[in-house]
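The residues making up each chain are set out below.
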Amino acid sequence: MADSSHEQRTHSMRRWLGYIVAFIILPAVLMLAAEWGLRAGGYGRSTRPFIEHNLGDKTLHVLNSHYFDQFFFTPIHNTYLWNAGSWVEIVTPKPKQTCRVIVFGGSASQGFPYQKYCFRRMLEVMLEAQYPAIDFEVCCAAFFAVNSHAMRPMAEACAQLEPDLYLIYMGNNEANGPFALWHVENRGTTVPSLAYIRACLWARNVRLIQLAGEVGSYLHVVRSTADDAAAEERDLEHEAQLLERVYHHYEANIEAVCDAGLGAGAGVVLCSLGVNVRDWQPSGAVHLTKLEPTALDAWNTHWADGVAQEEAGAYRDAIGSYEKAEAIDDTFSRLQFRMGCCYWDLGEYEAAREHFMRAWELDLFMWLRASPRSNQIVAEVARRRSSEGVLLADCQGAFEKASPHGVPGHEFFSDTCHLTFEGNYLATCTMLEQVVQALPEWVRARGPAEAEPLSREECMERLGVTPSELAEHARQELESYQLTRIRHLEDLEARIEEMEQRSTGDPVAERFAACRRALEVGRPSHELLFMFVHELLGHVRPDEALEKARLLEEYFPGRGYAHLVLARALANKGKADEAVPEYEAALALH
């Protein structure tokens, strides 16, 4: 009897063991073998943040465009990374006497639209001026249109690259970027969990999944709430609740980026994000309060009356109409914005500021800029982790302090959140004080006790920026603001006139002279050299173009575009035999 029971248990165990082998172990082994075979055969692509190239006793880490592909509905196919400011080349082991600063964020951190004088470039030349014995690398890990979900794995990867400081200017695109508010057909709006997001990013690197069509086929049925989901078809109360999850994810990602930097022994500086509150109307104005049809009709009538009165210059009457609409529903962000504009025109600046700030708070679902809540989270994380050495650079506070009546506008911003020369300069000066405190002690011992920013003129000289360039950029900003019917742009017109008077009248010669001067007074910059060579090639100066292209390749041999530019310069001189190896080197690093 006992033997029979023992035999039954043994048989049952063998049967279950067979099931485990057949349905778990064997498929796992086969899948691992298939994955290894696909990788060995060169199938698929890595989705890690960096691609490594062996350079003898050094390793070159080059930004992997396929990493960013997974955050876009349409892959970017490497094309964007041929841009000089977007290409990141980091060597390990780090050269001696080198201080490595890594910048995280979106397009504002990357330098859009004026990469030549973005705040990371200004910071680099200011640090070089303060510490001439130190070689500073201010590396751009930021990327356009992404949010903290893309920066978190990037920061974790950068922790292996011997960083000395993390500079985090991150928080735009949080509600409307990758893995944010999604509208799913037949399911409404949702926000995926952090666990799901992390699993998706891990799975994207598996070659078997790439072969099967890639994880994330949800992209066929998922679209942003900003695309074509009509407001009346959406449950806005539900979406407002989902924003709490967006903010929770944002805070968790900031914490993770800080953890990565601190874990690598780097200093960490968090920045509040600058926002154009006065001269850029909210992107997605919706009624957060559900109105009955009769109430909505009445609201629309008062709104239309107010708009007509405002456009006729009857600002006090317009405020009266807007107040009637406000009494019905005060959650429509553009209503608050227009009331702010009217009070501003009447010189009642405190009331104007109150309404502008309220409009910013209500710009919930489609914003491509930081919200007040985002900056509160940044400040809270910095305060909570100050004992660990995390510092706060309050950029938005600096913009408010320096703006007319405390309301930031076109003085510092080219659009909703991207910075002008003045904006970049103020942001850099605000960051510099905290950055210097966060630098390693061996760096601080080689420079002055207190940070001393360069003047605007010194920044222009070291960056190769010309008055004609600033005038042209200001003209573009003026046209953009005029299209959106922004008023009180006289100071912008005065800035254009001032820069035009300072210009020599020959923009090309002016740029050439400025680039040459910048190369004389500071260290060679890959961005400056890249732009200079393109200018020289475009204006048929082949000898100097080749000279500067060789300098670019000498200083930055791991950058694919450096070889590409040198190949173009050689081909332009008729040296095809020498150009071919450079083209091949560019492709090898692509």
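About the thresholds
Residues numbered from 1 in each chain as written. Predicted model: local features only at pLDDT ≥ 70, side-chain atom pairs only at ≥ 80, totals over all residues. Heavy atoms only, no water. Pairing = 2+ DSSP bridges. Helix = DSSP H or I, 4+ residues; strand = E, 2+ residues; numbered from the N terminus. Axes fitted to C-alpha atoms, helices over the stretch in contact; angles between N-to-C directions. Salt bridge = Lys/Arg side-chain N within 4 Å of Asp/Glu carboxyl O. Buried < 20%, exposed > 50% of the residue type's maximum accessible area, 1.4 Å probe, protein only. Patch = residues over 30% accessible without salt bridge, like charges linked within 9 Å, V, L, I, M, F, W, Y side chains within 5 Å. Areas by Shrake-Rupley, 256 points an atom, 1.4 Å probe, with all protein chains shown as cover.

### Looking at the sheet that holds strand S1 (residues 50-55)
Next, step 1: Taken in spatial order, the three strands of this open sheet run S1-S2-S3, and their pairing is antiparallel. Two strands close off the open sheet at either side, each with one partner strand: S1 and strand S3 (89-92). When strand polarity is set aside, the average angle formed by the axes of neighbouring strands in this sheet is 25°.
Next, step 2: Relative to S3, strand S2 (residues 58-63) is paired through four bridges, and the arrangement is antiparallel.

### What to know about the pairing of S2
Next, step 1: Sheet topology note: the S1/S2 ladder contains six bridges and is antiparallel. Considered in S2, the bridge of Glu52 is made with His61.
Next, step 2: Hairpin connection from S1 to S2: two residues lie between these consecutive antiparallel strands, with Gly56 at a positive phi of about 75°.

### Remarks on the pattern of salt bridges
Next, step 1: Summed over the entire model, instances satisfying the criterion amount to 41 salt bridges.
Next, step 2: Between Arg100 and Glu137 there is a salt bridge, and its shortest N-O distance comes to 2.8 Å. Of this pair, Arg100 sits in strand S4 (residues 98-105) while Glu137 sits in strand S5 (residues 135-140), placing them 37 residues apart in sequence.
Next, step 3: The partner of Glu472 in a salt bridge is Arg475, with the nearest N and O atoms 3.0 Å apart. Within this pair, Glu472 and its partner Arg475 are both found in helix H18 (residues 467-483), separated by three residues, close to a single helical turn.
Next, step 4: When its relative accessible area of 33% is taken as the criterion, Glu472 is described as partly exposed.
Next, step 5: Its relative accessible area of 28% is what places Arg475 among the partly exposed residues.

### Looking at a nonpolar patch on the surface
Next, step 1: Together, Trp16, Leu17, Tyr19, Ile20, Val21, Phe23, Ile24, Ile25, Leu26, Val29 and Leu30 make up an exposed nonpolar region whose accessible area comes to about 1100 Å².
Next, step 2: Mapped onto the elements, Ile20 comes out in helix H1 (residues 2-40).

Don't take any of this as a statement about function, it's just geometry.
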